[in-house]
Amino acid sequence: MANISFRNVVKTYDNGVTVIPDLNLEIKDKEFVVLVGPSGCGKSTTLRMIAGLESISDGELYIGDTLVNDVPPKNRDIAMVFQSYALYPHKTVYKNMSFALELQKVPKEEIDKKVRAAAMILELEPYLDRKPKALSGGQRQRVALGRAMVRDPKVFLLDEPLSNLDAKLRTEMRSQISQLHKRLQTTFVYVTHDQTEAMTMGDRIVVMKDGYIQQFDTPQNLYNTPCNMFVAGFIGSPQMNFLTAKVEKAENGFVLICGDMKVPVADPALADYVGREVVLGIRPEDIDVDITGDSHAAFTARIDLAEMMGSEIYLYLTYEGQKIVARVPSDVQAKDGDEITLGILIKKVHIFDKETEKVICQ
């Protein structure tokens, strides 16, 4: 079993700075979990604590049923893949992949079998006699993955492994790493600051900020039901729009007033907010040009910039002094400086407390 359990884990550096105040996290056996968040949120520190490269100041860390607080990295049965590949430049691909097994005194026949099996899976067979300088970035990263694979670890740890690759290669490697996880059926913990990587690869995603877990959930739940404004704004591209609106009582519930836009909401959770301001959240893809019927709340805004993206246009708008981004079809006639009437899809709105930034209803 390769489940990972953080129990009230604290990480404080020698200078007194606490980067992980109190971490409780349960990663299931064979799960692909992605740690995501802005720079400095503690995600890489969390990964390095699993690896044993960072000591734990307080609390307990288990891999399987074993308490590993004081277990050295080489005895944790983990393999780590770094952003920088960390390959030996003077060794061939074959030797890079076999080196750890040679140190463990594994028989040569078994080493050869494991290296060639990994090379076949990663499509590295033609490159086994080459040195890293003769490989592309994507090929080098596959060698780093292969070096980890041959050890048959309980846990794979990947620290921003794709950040040095160009956009096309990143997309290809995302797919390859996901397929590798399905094939190997072992636990993967993956760190990235790229929410697209997180959404496309993870079974579940840990969203972190300032050393705290904001939400730990499936990609779909993070997108559809974020617990606060930070998660709502971090997940999704372009990010969710946030508008200040006032809550008023209405005949069939409540209505959010933002300029000339009126958004009806029936949720009783708004009863305590009548007469107060809240934050209305709406994703760019939930703003439509076609606003017939009662499903939309209409508003008119000025186009600051119309950005053609191929199959769609990103409209950067100003409405009531607030900035909005809308994703509309590419056949919409929209020019910078124009006025345009759009509609918010009412059933897709998220409403947050202005003070705590926690979700009220969605």
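Note that the structure is predicted; figures quoted are calculated from it, not measured.

1. Structural notes on the pattern of salt bridges
(1) Moving on: Inspection of every chain in the model, using the stated rule, returns 14 salt bridges.
(2) Moving on: Notably, a salt bridge pairs Arg204 with Glu31, separated by 2.5 Å at the nearest N-O pair. Taken as a pair, Arg204 in strand β9 (residues 204–209) and Glu31 in the loop between β2 (18–27) and β3 (32–36) lie far apart in primary sequence, 173 residues in all. Like Glu31, Arg204 is buried.
(3) Moving on: For Lys114, the salt bridge is made with Glu110, and the minimal N-O distance between the two is 3.5 Å. Taken together, the residues span about one helical turn, with Lys114 and Glu110 both in helix α3 (residues 108–121) at a distance of 4 residues.
(4) Moving on: For Glu110, a relative accessible area of 35% corresponds to the partly exposed category.
(5) Moving on: Through salt bridges that share partners, Lys11, Arg48 and Glu54 make up one connected network.

2. Focus: the nonpolar core
(1) Moving on: By size, the foremost hydrophobic cluster in this structure holds 45 residues, and its most contacted members are Met97, Leu145, Leu158, Ile177, Tyr190 and Val207.
(2) Moving on: Residues in contact with Ile177, not counting those within four places in the same chain, are Phe32, Leu145, Leu158, Pro161, Leu162, Phe188, Tyr190 and Met201.
(3) Moving on: Core analysis: the second largest hydrophobic core is formed by 36 residues, Val278, Ile282, Ala297 and Val349 among them.

3. Section: the packing of helix α4 (residues 137–149) against helix α5 (residues 167–184)
(1) Moving on: Interhelical geometry of α4 versus α5 gives an angle of 15° and a closest axis separation of 11 Å. The orientation of α4 with respect to α5, classified from their angle, is roughly parallel. Seen along the crossing, α4 lies across α5 with a hand that is right-handed. Every residue of α5 that contacts α4 at Gly138, Gln141, Arg142, Leu145 and Met149 is listed here: Leu169, Met173, Gln176, Ile177, Leu180 and Leu184.

4. Focus: the sheet that holds β2
(1) Moving on: Pairing is antiparallel in the open sheet, where 4 strands are placed in the order β2-β1-β4-β5. The open sheet has two free edges, formed respectively by β2 and β5 (66–67), since each of these has just one partner strand.
(2) Moving on: Of the strand pairs in this sheet, strand β4 (residues 58–63) and β5 are connected by 2 bridges, and their pairing is antiparallel. Bridging from a neighbouring strand, Tyr62 pairs with Leu67 of β5.
(3) Moving on: Sitting on the sheet, helix α1 (residues 43–51) is in contact with β1 (4–12), β2 and β4, with an inclination near 115° to β1.

5. A closer look at the sheet that holds strand β10 (residues 212–217)
(1) Moving on: Strand order in the open sheet made by the 6 strands is β6-β7-β8-β3-β9-β10, with mixed pairing throughout. With one partner strand each, in any of the chains shown, β6 (78–81) and β10 form the two edges of the open sheet. The mean inter-strand angle of the sheet, taken between neighbouring strand axes irrespective of direction, is 15°.
(2) Moving on: Along the sheet, α5 makes contact with β3, β7 (155–159) and β8 (187–192), crossing β8 at roughly 160°.

6. Describing the state of the cysteines
One way to say it: the disulfide is the covalent bond shared by the sulfur atoms of two cysteines.
(1) Moving on: This model, assessed by the stated rule, comprises 0 disulfides.
(2) Moving on: This cysteine, Cys41, is not joined by any disulfide, and Cys227 carries the nearest cysteine sulfur, 14 Å off.
(3) Moving on: Cys258 carries a free sulfur, and the closest cysteine sulfur to it, the one in Cys361, is 16 Å from it.

7. Notes on the side chain of Glu197
(1) Moving on: With respect to the element layout, Glu197 can be found in helix α6 (residues 195–201).
(2) Moving on: Although Glu197 is buried, it forms no salt bridge, and the closest oppositely charged side chain is Arg170 at an N-O distance of 4.4 Å.
(3) Moving on: Among the polar contacts made by the side chain of Glu197, one reaches the side chain of Tyr190 at a distance of 2.8 Å.
(4) Moving on: Among the polar contacts listed, one links the side chain of Glu197 to the side chain of Thr192, at a separation of 3.1 Å.
(5) Moving on: Leave out the neighbours within four places in its chain, and Glu197 touches Leu162, Arg170, Arg174, Tyr190 and Thr192.

Reading the values: rules and limits
- Residues numbered from 1 in each chain as written.
- Predicted model: local features only at pLDDT ≥ 70, side-chain atom pairs only at ≥ 80, totals over all residues.
- Heavy atoms only, no water.
- Salt bridge = Lys/Arg side-chain N within 4 Å of Asp/Glu carboxyl O.
- Helix = DSSP H or I, 4+ residues; strand = E, 2+ residues; numbered from the N terminus.
- Buried < 20%, exposed > 50% of the residue type's maximum accessible area, 1.4 Å probe, protein only.
- Core = buried A, V, L, I, M, F, W, Y, C linked by side-chain atoms within 4.5 Å.
- Contact = heavy atoms within 4.5 Å.
- Axes fitted to C-alpha atoms, helices over the stretch in contact; angles between N-to-C directions.
- Parallel < 35°, antiparallel > 145°, perpendicular 65-115°, else oblique.
- Left-handed = near helix turned anticlockwise from the far one by under 90°.
- Pairing = 2+ DSSP bridges.
- Disulfide = S-S within 2.5 Å.
- Lys, Arg positive; Asp, Glu negative; His and termini not counted.
- Polar contact = N/O pair within 3.5 Å; in protein donor to acceptor, adjacent residues only side chain to side chain.

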